[in-house]
Amino acid sequence: ERIRTYTCPIPEGFENRWRVSRANVDGSVCPTYPPLLLVPASIQDDDIRLAAPYRSLGRFPTPDYLHHNGACIARCSQPLSGLSLSRSPHDERLISALSANTTRYPY
């Protein structure tokens, strides 16, 4: 049985930057990820569903670890850009939001 929750606690003072997503609650976005995952608060579940197909096995970027200073270690798989070097605006938005959330001090 899949783990029923995310494993990454949100550090104190950074609660407004992250939210729990239910986009994968049925495992349809990424069967190897738990149903509940942390994502940047600025990212909607539809953005995740649209970004996931751009990554191998749907493994979209999501935090595995949040340090008390705001730093983030995220996991994901390789993008499926291929020889055409295709891009995904939804994936790029998700990566940008993760990066924006990793500043040293909360807003």
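Residues numbered from 1 in each chain as written. Predicted model: local features only at pLDDT ≥ 70, side-chain atom pairs only at ≥ 80, totals over all residues. Heavy atoms only, no water.

From N to C terminus, the chain includes two helices and four strands. In sequence order, the chain lays out its α and β elements as β-β-α-β-β-α. Each of the 107 residues in the chain was classed as buried or not, and the buried ones make up 38%. Across the chain, the fraction of contacts at a sequence separation of at least 24, relative to all contacts at a separation of at least 6, is 64%. Taken as a whole, the chain presents about 6,200 Å² of accessible surface, with 57% of it coming from carbon and sulfur. (Helix = DSSP H or I, 4+ residues; strand = E, 2+ residues; numbered from the N terminus. Buried < 20%, exposed > 50% of the residue type's maximum accessible area, 1.4 Å probe, protein only. Contact = heavy atoms within 4.5 Å. Areas by Shrake-Rupley, 256 points an atom, 1.4 Å probe, with all protein chains shown as cover.)

Ranked by size, the top nonpolar core spans 13 residues in total, and within it Val 29, Tyr 33, Ile 43, Ile 48, Phe 60 and Leu 94 carry the most contacts. At the level of secondary structure, the elements contributing two or more residues to this core comprise strand S2 (37-40), helix H1 (45-51) and helix H2 (89-100). If we ignore the near neighbours within four places in the chain, the residues touching Ile 43 are Arg 19, Ile 48, Arg 93, Leu 94 and Ala 97. By size, the runner-up hydrophobic cluster in this structure holds six residues, among which are Cys 8, Phe 14, Trp 18 and Leu 38. (Core = buried A, V, L, I, M, F, W, Y, C linked by side-chain atoms within 4.5 Å.)

A few words now on the side chain of Asn 24. If you trace the backbone, Asn 24 turns up in the loop between strand S1 (18-21) and S2. Overall, the relative accessible area of 1% leaves Asn 24 in the buried class. Within polar-contact distance, the side chain of Asn 24 engages the backbone nitrogen of Val 29 at 3.1 Å. (Polar contact = N/O pair within 3.5 Å; in protein donor to acceptor, adjacent residues only side chain to side chain.)

What follows concerns the packing of aromatic side chains. All told, the structure shown has one aromatic pair when counted by the stated rule. Here the aromatic rings of Tyr 33 and Phe 60 are separated by 5.2 Å at their centres, their planes lie at 70°, and the arrangement is edge-to-face. Taken together, the residues Tyr 33 in the loop between S1 and S2 and Phe 60 in the loop between H1 and strand S3 (62-66) connect sequence positions 27 residues apart. Positioned over the ring face of Tyr 33 is Arg 75, at 4.4 Å from the centre of the ring. (Phe/Tyr/Trp six-rings, centres within 6.5 Å; stacked < 30°, edge-to-face > 60°. Lys NZ or Arg CZ within 6 Å of the ring centre and 35° of its normal.)

We now examine the pairing of S3. As paired elements, S3 and strand S4 (residues 72-75) share four bridges and run antiparallel to each other. Across the sheet, Tyr 65 pairs through a bridge with Ile 73, a residue of S4. Taking the residues that link successive antiparallel strands as the turn, the S3-S4 hairpin has five residues, and the phi of Gly 70 there is positive, at about 100°. (Pairing = 2+ DSSP bridges.)

What follows covers H2. Taking 1.5 Å per residue as the helical rise, H2 with its 12 residues ought to reach 16 Å, and the 16 Å between its terminal C-alpha atoms agrees with that figure. Where H2 is concerned, the buried positions are Asp 91, Leu 94, Ala 97 and Leu 98. Considered in projection along H2, the buried side chains sweep an arc of 125° and stay on one side of the axis. On its buried side, H2 packs onto S1, S2, H1, S3 and S4. (Expected span 1.5 Å × (residues − 1). Arc of directions from axis to C-beta.)

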